[in-house]
Every structure is written in C-alpha cells, then in structure tokens.
Amino acid sequence: LKVGLIEKNTLGSQATWAAGGILSTLKPWHVNASTKALVDEGRTHFPILAEQLKQTTGIDPEYIQSGMLVMDCDEKQQALQWANEENEIVEQLDLTNIQTKEAALSKRFQQAFYLPTIAQVRPPKLVQALRQSLLQKQITIFENTSVTQLKIKNNKILGVETNNKVLYANNIVLCSGAWTKNLLKQKVNVDIEPVRGQMLLYKPTNTLLKHIILHNNTYLIPRQDGHILCGSTLEHVGFENKVTPEARLELLNIAQKLLPELAHHDPIKQWSSLRPGTQQDAPYICKHPHINGLYLNAGHYRYGILMSIASARMVTEMMTKSQISSQIPTIA
C-alpha cells in the first residue's frame, strides 16, 4: 500500500516524545485481559525493533533491560501469582538487598519487589530512529499539517481536508491520541480525553541510579548517559498543555523522597504532554461502525509506546482483510 502520515506538528513530538519509555505497565500484575496480548507482544518484540532501527538508521533508541524496583508494595500475593503464571522473575528484597542494588536510594523503604526483565527505551531517540526508518522506506510524511475535516460520502471515507490541501485515500487510520474525539465529530461513543502529565529531568554529576524505581504511580528512570527522569503527574485539565510550578514542586518532592541525593541537584528541564486517557481498560483498535475505510488506533493512555507494535499489526491486518480475533473494545 502507498502510505502517508499526517502530523499537525513534527512526527512523534507530543505524548510519544514526552513519555518515560518504560516497557511495562507500572505494576504488571494489574494487566487486564483486554490489553495483556498488546503488552506481551510489545515486550517480546521491542528489543528486536530497537536493534533493527539502530542497525538500519544509525540512531540508537537506547533499549536497556535496566530492571525495575517496586518499592514498599503491599501486593505480594498478586505479584508472586503473576510471576508464577507468566514465568516471570520477581525477587523480594529487604532493606539490605535494596541498598546492595541501589545504595543511593532512601533508607525509608523497607522492602521491594525486583523485576529484572523490565526494560526501557528513550522515546526521543526512538522517534528519531522511526522517522529516519520511514524516510528510508520512502513513506510520505506531511508534517505541520492539520486535519480540519474528514471527507466522507455515502458512509465511505474519501480522504481528509487539511490546512494545506485535500489528501485522498481509500483507508484512513485515526491515531491522533487525545485529539481523536475532536476529529471524529460523528456521533459515536469514543471515551478518549486528555490527561496531562508533567516530568522533571536531572543530570547528576555522578551515576546515582541503575534501575527503574517505582513507588505508587511515580517513578525514576535512569538513562544510558546518566540523566534521571522523574514522573509523572496525572492532571485532568482539558487541552491545557503547559508546565506548572505546582507540578514542579510535587515532582521535586517525589524525586528527593526516592533519591535524597537529588536534593543537591536542580532539574535541568521540565515538560508536559497530553495522554489519551480512557475510562475503559483498553485502547480503541477497530473499524468505524458506520464509515467504510475509517479505522481507530487511539486511547492507549500511559502505555502507547509499549502497545504500539501490536496495535500497528492489528490495524494492518484489519485493513488488509486478515481475520483477527480480539477483546479490544469497539465503538458504538
């Protein structure tokens, strides 16, 4: 198929670029049946994709199996049951073991689960590599191009109107994250709303952290070059995508609570993005119920990167008439 990508800014510059890049749900024993296949496929295939991109583009997405420490979690039974059923490794650590793995961590944490197989990528690097790969494959990219309206006739998609020109296509996939509902406009039940997340970035003068650290729903992520990312807030503020001093203070407190040494370092950057949040348990990966040739791939909330490989495969199979079975929700 001849493929084009339309992006109102630059490719991958919104929620993807701003994400943490943890290739796991925050507590993987909470994964529901609807999204388990998406998560599992992402975890299996991301190391292969990252290596392919590195070899073909020369840009390293920085896939690292850094492991994750889940601090002071009282879900021992659920975690061990998940490990047993999924053939995963979960180690229970006491204070001494925690300090052996991460000496700079706060000593206030008395116990942790260690998940050594959890990996990460660095989203800005991943975006750069994917963009270069698309150009090498001669995929047409329309950047700084806003879709103003879908062109539909007799319940069949014809293309899209943009701020520059009309682009025609037999099939359209809406993968526009938090903005998907705005583009649909037709009366369909799509529960996707923006949820703002803010992050802080540190650059300590020495290596303070080797593993991803998770406490409740907040985390620290160590990058390959020594940067440490602290995130993330969950804010229901509509489409207001900006950083705030309140979030900065909240994240400062989180970072210093987890890693006291960060009190001696000022963050070098703060940013925000809008996730495509939903009240349901899975993204929308489906055909439009009334408009032929229109598809959705949106609503992945906090796990868009992790689920991206499986999501893209499913949409491709739908568009090429392959038969698939899925528990992913459809729209009414």
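Refer to the structure presented above.
Residues numbered from 1 in each chain as written. Predicted model: local features only at pLDDT ≥ 70, side-chain atom pairs only at ≥ 80, totals over all residues. Heavy atoms only, no water.

A. Focus on the layout of surface pockets. Here the second largest pocket is characterised by a volume of approximately 580 Å³. Taken together, 27 residues form the lining of the second largest pocket, with Gln-280, Asp-281, Tyr-301, Arg-302 and Tyr-303 sitting closest to its centre. Elements with a contribution of two residues or more to the lining of the second largest pocket: helix H2 (33-57) and strand S10 (193-202). (1 Å grid on protein atoms, 1.4 Å probe; cavity = no way out; pocket = protein on both sides within 12 Å on 5 of 7 lines; lining within 4 Å. Points joined across faces, edges and corners; volume = space filled by probe spheres on them. Helix = DSSP H or I, 4+ residues; strand = E, 2+ residues; numbered from the N terminus.)

B. Region of interest: the sheet that holds strand S9 (residues 172-174). Read across the open sheet, the three strands follow the order S9-S16-S15; overall the sheet is mixed. For this open sheet the edge positions go to S9 and strand S15 (284-287), each flanked by a neighbour on one side alone. Put simply, the sheet's adjacent strands are angled 20° from each other on average, direction ignored. Judged from the three bridges that link them, S9 and strand S16 (residues 294-298) form a sheet pairing that is parallel. For Ile-172, the partnering residue across the bridge sits in S16 and is Leu-294. (Pairing = 2+ DSSP bridges. Axes fitted to C-alpha atoms, helices over the stretch in contact; angles between N-to-C directions.)

C. Representation of unusual backbone geometry. Here the amide bond leading from Gly-231 into Ser-232 is cis, since omega sits at -5°, within 30 degrees of zero. Structurally, Ser-232 can be placed in the loop between strand S13 (228-231) and helix H7 (245-258). Here the phi dihedral of Asn-87 falls at roughly 55°; this positive angle occurs in a residue that is not glycine. Structurally, Asn-87 is set in the loop between helix H3 (76-86) and strand S3 (91-94). Positive phi outside glycine occurs at Tyr-301, with the angle close to 55°. On the secondary structure map, Tyr-301 appears in the loop between S16 and helix H8 (304-319).

D. Structural context of the nonpolar core. In this structure, Trp-29, Val-70, Phe-113 and Leu-115 are the most contacted members of the largest nonpolar core, which totals 43 residues. The greatest single-element share of this core, amounting to nine residues, is contributed by H8. Here Trp-29 is in contact with Val-70, Cys-73, Glu-75, Gln-78, Ala-79, Trp-82, Phe-113 and Leu-115, once residues within four sequence places are set aside. Core analysis: the second largest hydrophobic core is formed by 23 residues, Leu-69, Phe-109, Leu-251 and Leu-259 among them. (Core = buried A, V, L, I, M, F, W, Y, C linked by side-chain atoms within 4.5 Å. Buried < 20%, exposed > 50% of the residue type's maximum accessible area, 1.4 Å probe, protein only. Contact = heavy atoms within 4.5 Å.)

E. Expanded view of H2. Helix length check: H2, at 25 residues, gives a terminal C-alpha distance of 35 Å against a target of 36 Å (1.5 Å per residue), a fit within 8%. Considering bend angle alone, the principal kink of H2 is centred on His-45 and spans about 45°; proline Pro-47 follows within four residues of it. Those residues of H2 that fall on the buried side of the exposure criterion are Thr-35, Leu-38, Val-39, Glu-41, Gly-42, Arg-43, Phe-46, Ala-50, Leu-53 and Thr-57. For H2, the elements touching its buried residues are H3, helix H5 (123-136), S15 and H8. Its side-chain oxygen placed 3.0 Å from the backbone nitrogen of Ser-34, Asn-32 serves as the N-cap of H2. Gly-58 sits one or two positions beyond H2 and adopts a positive phi of about 80°. (Expected span 1.5 Å × (residues − 1). Bend = angle between axes of the 7 residues up to and from the residue. Polar contact = N/O pair within 3.5 Å; in protein donor to acceptor, adjacent residues only side chain to side chain.)

F. Molecular detail of the sheet that holds strand S4 (residues 111-115). Ordered by their spatial adjacency, eight strands build an open sheet running S3-S4-S2-S11-S12-S13-S10-S14, and the pairing between neighbours is mixed. If you trace the sheet from one side to the other, it starts and ends with S3 and strand S14 (269-277), each paired once. The sheet shows a mean angle of 25° between the axes of neighbouring strands, taken without regard to direction. Where strand S12 (residues 218-222) lies against S13, four bridges are found, and the strand directions are antiparallel. Within the sheet, the bridge partner assigned to Pro-222 lies in S13 and is Ile-228.

G. Looking closely at H3. Taken together, the buried positions of H3 are Ala-79, Trp-82 and Ala-83. The buried residues of H3 occupy one face: seen down the axis, they fall within an arc of 100°. Opposite its buried face, H3 presents the exposed residues Gln-77, Asn-84 and Glu-85, each directed more than 90 degrees away. Elements that come into contact with the buried residues of H3 comprise H2 and S4. (Arc of directions from axis to C-beta.)

H. Region of the structure containing the pairing of S10. With nine of its ten residues buried, S10 lies for the most part within the structure. Both S10 and S14 contribute to a ladder of nine bridges, which runs antiparallel. Its bridge partner being in S14, Pro-194 is matched across the sheet by Pro-276. Here S10 pairs with S13 via four bridges, running antiparallel. When the bridges of S13 are listed, Met-199 appears paired with Gly-231.

I. Inspection of the pattern of salt bridges at higher detail. This model, assessed by the stated rule, comprises 13 salt bridges. The closest approach of N and O atoms between Asp-40 and Lys-36, which form a salt bridge, is 2.5 Å. Of this pair, Asp-40 and Lys-36 both sit in helix H2, four residues apart, which is roughly one turn of that helix. Asp-40 sits in the partly exposed class, given a relative accessible area of 29%. Lys-36 sits in the partly exposed class, given a relative accessible area of 30%. Of the charged contacts, one joins Glu-235 and Arg-196 as a salt bridge, the two residues approaching to 2.6 Å between their closest N and O atoms. Residue Glu-235 is found in the loop between S13 and H7, and its partner Arg-196 is found in strand S10; the two are separated by 39 residues along the sequence. Here Glu-235 and Arg-196 have matching classes, each one buried. It is possible to trace a salt-bridge network through shared partners that takes in Lys-36, Asp-40 and Glu-86. (Salt bridge = Lys/Arg side-chain N within 4 Å of Asp/Glu carboxyl O.)

Any functional reading would require information beyond the geometric quantities listed.
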